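What follows is each chain in one-letter form.
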Amino acid sequence: MRKVLAAGLGVALMVGVSCDALAATTDGGTTFTIKISSVSANDTLKVAGSAAVKAPIAPGVFLLDSSAAAFEVGKAASAELQALAEDGNFEPLQLALMDKFGARAGMFAPGLEFTVTAKPGDRLSFATMFVQSNDKFYAPAGGGLALFDANGRPVAGDLTASVRLFDAGTEIDQQPGAGADQAPRQKGANQGADQSGMVAEANDGFAYPAVSDVIRLEIKAAE
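Residues numbered from 1 in each chain as written. Predicted model: local features only at pLDDT ≥ 70, side-chain atom pairs only at ≥ 80, totals over all residues. Heavy atoms only, no water.

Q: Now, about the pairing of strand E2 (residues 60–65): what can you tell me, with residues and values included?
A: The buried count for E2 comes to six of six residues, which makes it a mostly enclosed element. With burial as the criterion, each face of E2 is covered, one bearing Gly60, Phe62 and Leu64 and the other bearing Val61, Leu63 and Asp65. Alignment of E2 against strand E5 (residues 123–129), held across five bridges, turns out to be antiparallel. Residue pairing for E5: Leu63 is matched across the bridge by Ser125. (Buried < 20%, exposed > 50% of the residue type's maximum accessible area, 1.4 Å probe, protein only. Helix = DSSP H or I, 4+ residues; strand = E, 2+ residues; numbered from the N terminus. Pairing = 2+ DSSP bridges.)

Encoded structure:
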C-alpha cells in the first residue's frame, strides 16, 4: 500500500507543474491561485501506547462549481471517494469529476499551487486523504468554499479555518496512526472491515490533531 501512495504522489509531482491545464477557464472571471499544503511535523499525531508519528495528506482532487461538490455530506460515499479516503487513490474521483465537469475539475499535489478562474457564486470543493486513517479526508466545511463574499469580492488569505476532517463512512475506524488496515500499514487496497455509513464530519471517538497542524489552505486572488 505504501507503494500505491508513493506512486500516486509521483504522478502528482510529475503533473503538478502543469495543474493549470486542469484548472477552470471561465471567461471574464477572477483568477485564484490555490495551495493546499501538508504541514504536519514528525510528531503531530499522538498514538496511545506508541511514539507520535507524522500525519501527511495525500494528493487530492478539486472541483470548481456553483453548487456541486466533490462529495455529498449525509450521503453514502461513492466508490471513487472511497478509493481516495481509504487508499489515497485520487485518480478514480478525478476522472469521474472531469468526465462530468470537464476542465473545472482536476487534481493537486500537496504544496504545489494550482489556479482556477471563477465568477461570483462559484465554490471551491476539494478532498485529500488523511493518510494515517481508515477512511478520513480533509475538505471544506459543507463540501465547498465560496470564492467570493456576499458583496462579490474575492476571498483570499489563509483559509484553513474553513477546512474540516470528514469520515467517508466506508470502513470501520481504528486508532489513527496504528491501525493495521490503514494505508501506511495495510498489505493491499480496500483492506479492512466495511462500514455502511454516510459522509460526515469525523466523530468516531478517536483523537485527531487540530486541522491546522496537518493541512493549510492558502488562496490568492489576482488584482
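Q: Give a description of the pattern of salt bridges that names residues and reports values.
A: This model, assessed by the stated rule, comprises eight salt bridges. For Asp149, the salt bridge identified is with Arg153, shortest N-O distance 3.2 Å. Under the relative-accessibility criterion, Arg153 is labelled partly exposed at 48%. Through salt bridges with shared partners, one network takes in Asp135, Lys136, Asp167, Asp173 and Asp204. (Salt bridge = Lys/Arg side-chain N within 4 Å of Asp/Glu carboxyl O.)

Q: Could you give an account of the sheet that holds strand E4 (residues 114–118), with specific residues and numbers?
A: Taken together, the four strands give an open sheet; going across it, the order is E4-E1-E11-E8, and neighbouring strands pair in antiparallel fashion. Each edge of the open sheet carries a strand with a single partner, namely E4 and strand E8 (157–158).

Q: Give me the lowdown on the environment of Gly28, citing residues and values where you can.
A: In this fold, Gly28 is placed in the loop between helix H1 (2–16) and strand E1 (30–38). Separated by 89 residues in sequence, Gly28 and Thr117 have C-alpha atoms that sit 8.3 Å apart.

Q: A description of the side chain of Asn134 should follow, citing residues and the corresponding values.
A: Within the element layout of this structure, Asn134 appears in the loop between E5 and strand E6 (136–140). Here Asn134 falls in the buried class, since its relative accessible area comes to 2%. Of note is the side chain of Asn134, whose polar atom sits 2.8 Å from the side chain of Glu171. Polar contacts involving the side chain of Asn134 include one to the main-chain amide nitrogen of Gln174, which spans 2.8 Å. Excluding residues within four positions of it along the chain, Asn134 makes contact with Ala85, Glu86, Glu171, Ile172, Asp173, Gln174, Asp181 and Gln182. (Polar contact = N/O pair within 3.5 Å; in protein donor to acceptor, adjacent residues only side chain to side chain. Contact = heavy atoms within 4.5 Å.)

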